[in-house]
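# A structural walkthrough
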Amino acid sequence: MQEIRLRFSKTDRLKYISHLDINRAMGRAFKRAQIPLWYTEGFNPHPYMSFSLPLSLGVESLCESVDIRLTENMELREIKQRMNSVLPIGLKIIDVYSDFRDNSEIAYSDYVFKLEFADNETALKKISSVLERDNIFALKKSKQGRKKVFKETDIKPLIDRYGISERDGEIIVNFRLCAGTEKNLNPTLLFDTIIRLIDMDYEWKNISRISLLDKNYKEFK
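Residues numbered from 1 in each chain as written. Predicted model: local features only at pLDDT ≥ 70, side-chain atom pairs only at ≥ 80, totals over all residues. Heavy atoms only, no water.

Left-over empty space is what a probe sized like a water molecule reveals as it rolls over the atoms. A complete count under the given rule lists 2 cavities of 30 Å³ or more for this structure. By volume, the largest cavity is sized at about 80 Å³. What lines the largest cavity is Phe8, Lys10, His19, Ile22, Phe51, Leu53, Pro54, Leu55 and Glu64. Broken down by secondary-structure element, the contributors of at least two residues to the lining of the largest cavity are β1 (2-10) and α1 (19-32). Residue composition of the lining of the largest cavity, by class: 6 nonpolar, 1 polar and 2 charged. Taken as a whole, the second largest cavity holds about 40 Å³ of empty space. Taken together, the elements giving at least two residues each to the lining of the second largest cavity come down to β1 and β3 (60-70). (1 Å grid on protein atoms, 1.4 Å probe; cavity = no way out; pocket = protein on both sides within 12 Å on 5 of 7 lines; lining within 4 Å. Points joined across faces, edges and corners; volume = space filled by probe spheres on them. Helix = DSSP H or I, 4+ residues; strand = E, 2+ residues; numbered from the N terminus. Nonpolar A, V, L, I, M, F, W, Y, C, P; charged D, E, K, R; others polar.)

Structural data, given as C-alpha cells:
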C-alpha cells in the first residue's frame, strides 16, 4: 500500500464551497483520474482521505493537503498530472509527495487579509489601534440551555504576529495565527471582530491562507 500527500490550492469561486463539498469534489476527481484509492472496511466502505486543516468558508488557500492510500503504486508526477486534468477550476494540485509529517504538528497558519474601505486612511489607523490593544474581545456563539448566546473571548493571545500596510488602494494585513488541535483562531472570526470594533463598512475583502507552520515556525509539509 502506498501512502501519499497531495498539496493543493483552493481559490476563486471554490472558496465559497464547504469542506464537505471539497471532500466530495476530491473523491469524484480521484475516480475520474482512475487513481486506485484504498477503501475503508466495514458496512459502509469509503475512500480513505484525510485533510490537514479544514478551511473556513470564503477563505482561499495555497497550502491545503489531503492524504490518501493507494492499492497500487503510482509515479507521483503521474498522479499530479491526472488529477489536474479532471479537477474543476479553483482546485489545483501543487505537489505530490510520499514523505510527510503528521497533521498534529501544525501549530500556526499564515494569512493575508486584503481590505478596501471608502476611507482607507481612517480604516488603517483604526485597525492598527485595535491590533495594538492588550485584549481583543471577539463575540463567539455558545449555548446556554436551549438559547444561543454570544460570549466574549479574548483572541489577542491567538495572534502570534501581524503586519499592516496600504498598497494600491488596499489595506494589507499579514497575520500569523494559532492553528491546529490545541489552539486555533478562525480567520473569519478575526475579520468580523475587527470590522465590529472599528465600526466601519468595508467595500471589499479577500482572505488567503498562504502557509502552515509547526511550533518552530518551520513550513509544514
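Compared with an ideal rise of 1.5 Å per residue, which puts 12 residues at 16 Å, helix α3 (residues 120-131) spans 16 Å between its outermost C-alpha atoms and is within 8% of the ideal. Of the positions making up α3, those classed as buried are Asn120, Ala123, Ile127, Ser128, Val130 and Leu131. Angularly, the buried residues of α3 cover 160° about the axis, an arc narrow enough to put them on a single face. Residues of α3 that are exposed and point over 90 degrees away from its buried face: Glu121 and Lys125. (Expected span 1.5 Å × (residues − 1). Buried < 20%, exposed > 50% of the residue type's maximum accessible area, 1.4 Å probe, protein only. Arc of directions from axis to C-beta.)

Next up on the list: the pattern of salt bridges. Evaluation of the coordinates by the stated rule reveals 12 salt bridges. Among the salt bridges present, the one from Glu3 reaches Arg69, with a minimum N-O distance of 3.7 Å. Of this pair, Glu3 sits in strand β1 while Arg69 sits in strand β3, placing them 66 residues apart in sequence. Its salt-bridge partner being Asp95, residue Lys221 comes within 3.9 Å of it at the nearest N-O pair. One end of the pair, Lys221, is in the segment after β10 (202-213); the other, Asp95, is in strand β4 (residues 91-97), with 126 residues separating them in the sequence. Lys221 gets classed as partly exposed once you look at its relative accessible area, which sits at 35%. You can call Asp95 partly exposed: its relative accessible area is 28%. (Salt bridge = Lys/Arg side-chain N within 4 Å of Asp/Glu carboxyl O.)

Inspection of the secondary structure puts Lys15 in the loop between β1 and α1. For the buried Lys15, no salt bridge exists, and the shortest N-O distance to an oppositely charged side chain is 4.4 Å, to Glu60. A distance of 2.8 Å separates polar atoms of two side chains, one belonging to Lys15 and the other to Asn206. The residues contacting Lys15, other than those within four sequence positions of it, are Lys10, Leu57, Gly58, Val59, Glu60 and Asn206. (Lys, Arg positive; Asp, Glu negative; His and termini not counted. Polar contact = N/O pair within 3.5 Å; in protein donor to acceptor, adjacent residues only side chain to side chain. Contact = heavy atoms within 4.5 Å.)

Honestly, it's all geometry; don't read function into it.
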